[in-house]
Amino acid sequence: MAITGVLVSVDQFLNIKLDNIKVVDEERYPHMLAVKNCFIRGSVVRYVQLPAQSVDTALLQDAARRERQQPAASGRR
Amino acid sequence: MSDQLKSLVERPVFVYLTDGRTLVGQLMGYDQATNVILGQTHERIFSPTEPMKSVPIGVYVIRGETIAIIGELDEELDEATDYDNMLVDPLDPIKL
């Protein structure tokens, strides 16, 4: 089952909170029609798909570059 | 931590268990492992040939590992939803 919604929060377990949810195949999975926002346990998450326009790739590339230049700063202890 | 469930306490919730069962009840409490206590719990049994059955099962303490999704039940929407004509298979068990 796949669910789309507005990402509200994520914690260290990958537990996810979504608002305004829609189950992708509602014909097959109408069980959650009366649920508008939900908490998904991280342990059952297979993937998270982010819309490209909400991801700032320039920012990510910068962060990756900085990480590469000084791996000690944030790396393993 | 799992303060993500704080806003759901005392509220009616829908719980999707990893074995595919679905429960609704009042969220009475939870902890950081997502163990959960439900009050006035009903199991909702879906079938492709019969109307949805809601079976009262009282207070349920659910181990976090067995929980897939906890959703806030919108009571108005729930009232308006026609479960009698919802002839569908139960939700899939989660396989990882």
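Residues numbered from 1 in each chain as written. Chains lettered and ligands numbered in written order. Predicted model: local features only at pLDDT ≥ 70, side-chain atom pairs only at ≥ 80, totals over all residues.

An unreviewed UniProt entry lists chain B under the name LSM2-LSM8 complex subunit LSM8, from Modicella reniformis. Its UniProt record gives chain B a comment under Subunit (unreviewed entry), which states: "LSm subunits form a heteromer with a doughnut shape." Of the comments in the UniProt record for chain B, the one headed Subcellular location (unreviewed entry) reads "Nucleus". (UniProt positions renumbered as here; feature names shortened; annotations may be inferred.)

Under the annotation held in an unreviewed UniProt entry, chain A carries the name U6 snRNA-associated Sm-like protein LSm2 and is attributed to Modicella reniformis. Taken directly from UniProt, the Subcellular location (unreviewed entry) text for chain A runs: "Nucleus". Quoted verbatim from the Sequence similarities (unreviewed entry) heading of the UniProt record, the comment on chain A is "Belongs to the snRNP Sm proteins family."

A. Structural view of the overall build of chain B. Along the backbone of chain B there are one helix and five strands. Its helices and strands taken in sequence order, chain B reads β-β-β-β-β-α from the N to the C terminus. Its C-alpha atoms give chain B a radius of gyration of 13 Å, near enough to 12 Å, the size a compact globule of 96 residues would have. Seen along its three principal axes, the alpha-carbon backbone of chain B occupies a region of about 40 × 35 × 20 Å. The buried share among the 96 residues of chain B stands at 28%. In chain B, the share of contacts with a sequence separation of at least 24, taken over all contacts with a separation of at least 6, comes to 50%. (Helix = DSSP H or I, 4+ residues; strand = E, 2+ residues; numbered from the N terminus. Rg over C-alpha atoms; globule rule 2.2 N^0.38 Å. Buried ≥ 20, exposed ≤ 12 C-beta atoms within 10 Å, placed from the backbone. Contact = placed C-beta atoms within 7 Å.)

B. Highlighting the overall build of chain A. Tallying secondary structure elements over chain A gives two helices and three strands in all. For chain A, the sequential pattern of α-helices and β-strands runs β-β-β-α-α. Computed over its C-alpha atoms, the radius of gyration of chain A comes to 17 Å, more than 25% above the 11 Å expected for a compact globule of 77 residues. Along the longest, intermediate and shortest principal axes, the C-alpha atoms of chain A span 50 × 30 × 20 Å. For chain A, with 77 residues in total, the buried portion stands at 16%.

C. Highlighting the UniProt feature "domain: Sm" (unreviewed entry) in chain A. When the UniProt feature table is mapped onto this chain numbering, "domain: Sm" (unreviewed entry) sits at residues 3-49 of chain A. Between the C-alpha atoms that bound residues 3-49 of chain A there is a distance of 10 Å. The span itself is 0% helix and 47% strand.

D. Examining the pairing of strand β2 (residues 22-30) of chain B more closely. Residues and elements named next belong to chain B. Pairing analysis gives five bridges linking strand β1 (residues 12-17) to β2, with the strands arranged antiparallel. By the bridge assignment for β2, Tyr 16 is matched with Thr 22. Taken together, β1 and the strand that follows it, β2, pair antiparallel across an intervening segment of four residues, in which Gly 20 is found at a positive phi of about 100°. Hairpin connection between β2 and strand β3 (residues 36-45): a loop of five residues separates the two successive antiparallel strands, and Thr 34 in this loop has a positive phi of roughly 65°. (Pairing = 2+ DSSP bridges.)

E. Expanded view of the sheet that holds β3 of chain B. Spatially, β1(A)-β2(A)-β3(A)-β5(B)-β1(B)-β2(B)-β3(B)-β4(B) is the arrangement adopted by the eight strands of the open sheet, whose pairing is antiparallel. Among the strands making up the open sheet, the edge pair consists of β1 (3-10) of chain A together with β4 (53-62) of chain B. Each strand axis lies, on average, 30° off the axis of its neighbour in the sheet, ignoring direction. (Axes fitted to C-alpha atoms, helices over the stretch in contact; angles between N-to-C directions.)

F. Highlighting the interface of chain A and chain B. Each partner contributes residues to the interface: chain A has 20 residues there, and chain B has 26 residues. Sort the elements by how many residues they give to the side of chain A that touches chain B and strand β3 (residues 35-40) of chain A lands first, with six residues. For the side of chain A that touches chain B, a count of residues per class yields 11 nonpolar, four polar and five charged. With five bridges connecting them, β3 of chain A and strand β5 (residues 67-73) of chain B associate as antiparallel partners. Among the inter-strand pairings, Ile 40 of chain A is bridged to a residue of β5 of chain B, identified as Ile 69 of chain B. (Nonpolar A, V, L, I, M, F, W, Y, C, P; charged D, E, K, R; others polar.)

G. The environment of Gly 58 of chain B, seen in detail. Turning to its location among the elements, Gly 58 of chain B is positioned in strand β4. Note: C-alpha distance between Gly 58 of chain B and Leu 38 of chain B (20 residues apart in sequence) is 8.2 Å.

H. Geometry of the nonpolar core. Counting 26 residues, the largest nonpolar core has Cys 38 of chain A together with Val 13, Phe 14, Val 15, Ile 69 and Ile 70 of chain B as its most contacted members. Among the elements that take part in this core, β5 of chain B stands out by supplying five residues, more than any other. For Ile 70 of chain B, the contacting residues outside a window of four places in its chain are Cys 38 and Phe 39 of chain A together with Leu 5, Leu 8, Val 13, Val 15 and Val 36 of chain B. (Core = buried A, V, L, I, M, F, W, Y, C linked by C-beta atoms within 7 Å.)

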